[in-house]
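Read off the chains here:
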Amino acid sequence: MRNHTFCFMRATSFVTRTLGIAMLAVGCNLAHAADWTMDQLMASLAQTKPAKVNFVEKKYISTLDRPVESSGEMFYTPPDKLEKRTIKPKPERMLLERDMITLERGKHKFAIDLNESPELAALIESIRATLAGDRRSLELNYVVALTGTREQWKLALTPSNLQARQKVKRITLSGTAGEVREVEVQQADGDRSVMTIEKPRP
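Starting afresh in each chain, residues are numbered from 1 along the sequence in its written order. The predicted nature of this model means local features are confined to residues of pLDDT at least 70 and side-chain atom pairs, given and counted, to a pLDDT of 80 or more, with totals for whole chains, interfaces and linings taken over all residues. Where side-chain values are given, they derive from all heavy atoms of the structure, hydrogens and water being excluded.

Peer 1: I'm lost on the pairing of strand 5 (residues 100-105) in this one. Help?
Peer 2: On any regular strand, side chains alternate: one points to one face of the sheet, the next to the other face. One ladder, built from five bridges, connects strand 4 (residues 92-97) with strand 5; its direction is antiparallel. In the sheet register, leucine 96 faces strand 5, and the bridge partner there is isoleucine 101. At least two bridges found by DSSP between two strands are what make those strands a pair. Runs of H or I in DSSP of at least four residues are treated as helices and runs of E of at least two as strands, each being numbered from the N terminus. The turn joining strand 4 and strand 5, which pair antiparallel and follow one another in sequence, is formed by two residues; a positive phi near 60 degrees is taken by arginine 98. Bridge count for strand 5 against strand 6 (residues 108-113) is six bridges, and the pairing is antiparallel. For methionine 100, the partnering residue across the bridge sits in strand 6 and is aspartate 113. The turn joining strand 5 and strand 6, which pair antiparallel and follow one another in sequence, is formed by two residues; a positive phi near 60 degrees is taken by glycine 106.

The structure is reproduced here in structure tokens:
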């Protein structure tokens, strides 16, 4: 049970942040939109191609005086393969492929079958719907709110599934023009994490 809970927490962290990959990858398309609407955003996401981004993540945990920082790379291969590789402070790999999530840390390896975890499956399906630009499927699992202007916008995702909401309170993506600059995840227990992402330098 302890391993399942740990893997669930890590998996939730991974899949929610992967939203940033898709939105950063289509930044060039979004930058020219006169107004920011969900339909325009979804249409652009539907054109997402394989992408790679760098990330720096800070986790604010109530029992710690300082945030825990990590960094590494994330990859998205349409339609259903997502990977997060943490490089610092310690190597770690998280892979989502079809209906299975695998976490590797040193010699330890954990796996979750989404068919056995309805609350995590709901979060995963929402991520896949976002990457596919499927607004209907996204709104089946999230209450979605897009606010702001092209120069300063926010996309808030609140899980509509009660079980999922007991783990994740809200996911907020923010950016300027066509670039996602930050992804914040607020957990139900009050802890939160903030991830900044950027494209790899040539």
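Alright, that's what it looks like, and here's the rest.
Peer 1: Would you mind showing me how to read the nonpolar core here?
Peer 2: The nonpolar side chains of a soluble globular protein tend to be buried, and buried together. The set of buried Ala, Val, Leu, Ile, Met, Phe, Trp, Tyr and Cys residues whose side-chain atoms join them within 4.5 Å is what this entry labels a nonpolar core. Under the scheme applied here, a residue whose accessible area is under 20% of the maximum for its type counts as buried, over 50% as exposed, and between as partly exposed, the area being computed with a 1.4 Å probe on protein chains only. Among the nonpolar cores identified, the biggest contains 15 residues, and Met38, Leu138, Leu155, Leu157, Ile171 and Leu173 are the most heavily contacted of them. Where this core is concerned, the elements lending two or more residues are helix 4 (38-45), strand 8 (153-159), strand 9 (168-176) and strand 10 (179-187). By definition in these notes, contact holds between two residues if any of their heavy atoms fall within 4.5 Å. Setting aside its immediate chain neighbours within four residues, methionine 38 contacts Arg135, Leu138, Val144, Leu146 and Leu155.

Peer 1: Please explain unusual backbone geometry as it appears in this structure.
Peer 2: Of note, the bond from lysine 88 into proline 89 is cis; its omega dihedral lies within 30 degrees of zero at 5 degrees. By the element assignment, proline 89 lies in the loop between strand 3 (81-88) and strand 4. Phi is positive for arginine 98, close to 60 degrees, though the residue is something other than glycine. By secondary structure assignment, the location of arginine 98 is in the loop between strand 4 and strand 5.

Peer 1: Which parts of the structure should I look at to understand the packing of aromatic side chains?
Peer 2: Where two aromatic rings form a pair, the distance of their centres and the angle of their planes describe that pair. Each Phe, Tyr or Trp ring, with Trp reduced to its six-membered ring, pairs with another whose centre is within 6.5 Å; inter-plane angles below 30 degrees give stacked pairs, above 60 give edge-to-face pairs, and intermediate values give tilted ones. Across all of its chains, the model carries zero aromatic pairs by this definition. Here, a charge over a ring means that NZ of Lys or CZ of Arg falls within 6 Å of the ring centre while also lying within 35 degrees of the ring normal. Sitting over the face of the ring of phenylalanine 55, lysine 84 holds its NZ or CZ atom 5.0 Å from the ring centroid.

Peer 1: So what exactly am I meant to see when it comes to the environment of alanine 156 here?
Peer 2: For alanine 156, the position within the fold is in strand 8. Note on alanine 156: relative accessible area 19%, which makes it buried. C-alpha of alanine 156 to C-alpha of glutamate 184: the two residues are 28 residues apart in sequence and 9.5 Å apart in space. Filtering out sequence-adjacent residues up to four positions away, alanine 156 remains in contact with Val143, Val144, Ala145, Arg170, Ile171 and Thr172.

Peer 1: Got a minute to help me understand the side chain of threonine 172 in this structure?
Peer 2: Looking at where threonine 172 falls in the secondary structure, it is placed in strand 9. Judged by its relative accessible area of 16%, threonine 172 falls in the buried class. If sequence neighbours within four positions are ignored, threonine 172 has contacts with Lys154, Leu155, Ala156, Glu182, Val183 and Glu184.

Peer 1: Explain the pattern of salt bridges here, please?
Peer 2: When the charged atoms of two side chains lie near each other, side chains of opposite charge can form a pair. In what follows, salt bridge is the name for a side-chain nitrogen of Lys or Arg lying within 4 Å of a carboxyl oxygen of Asp or Glu. This model, assessed by the stated rule, comprises eleven salt bridges. The residue glutamate 104 makes a salt bridge to lysine 109 at a minimum N-O spacing of 4.0 Å.

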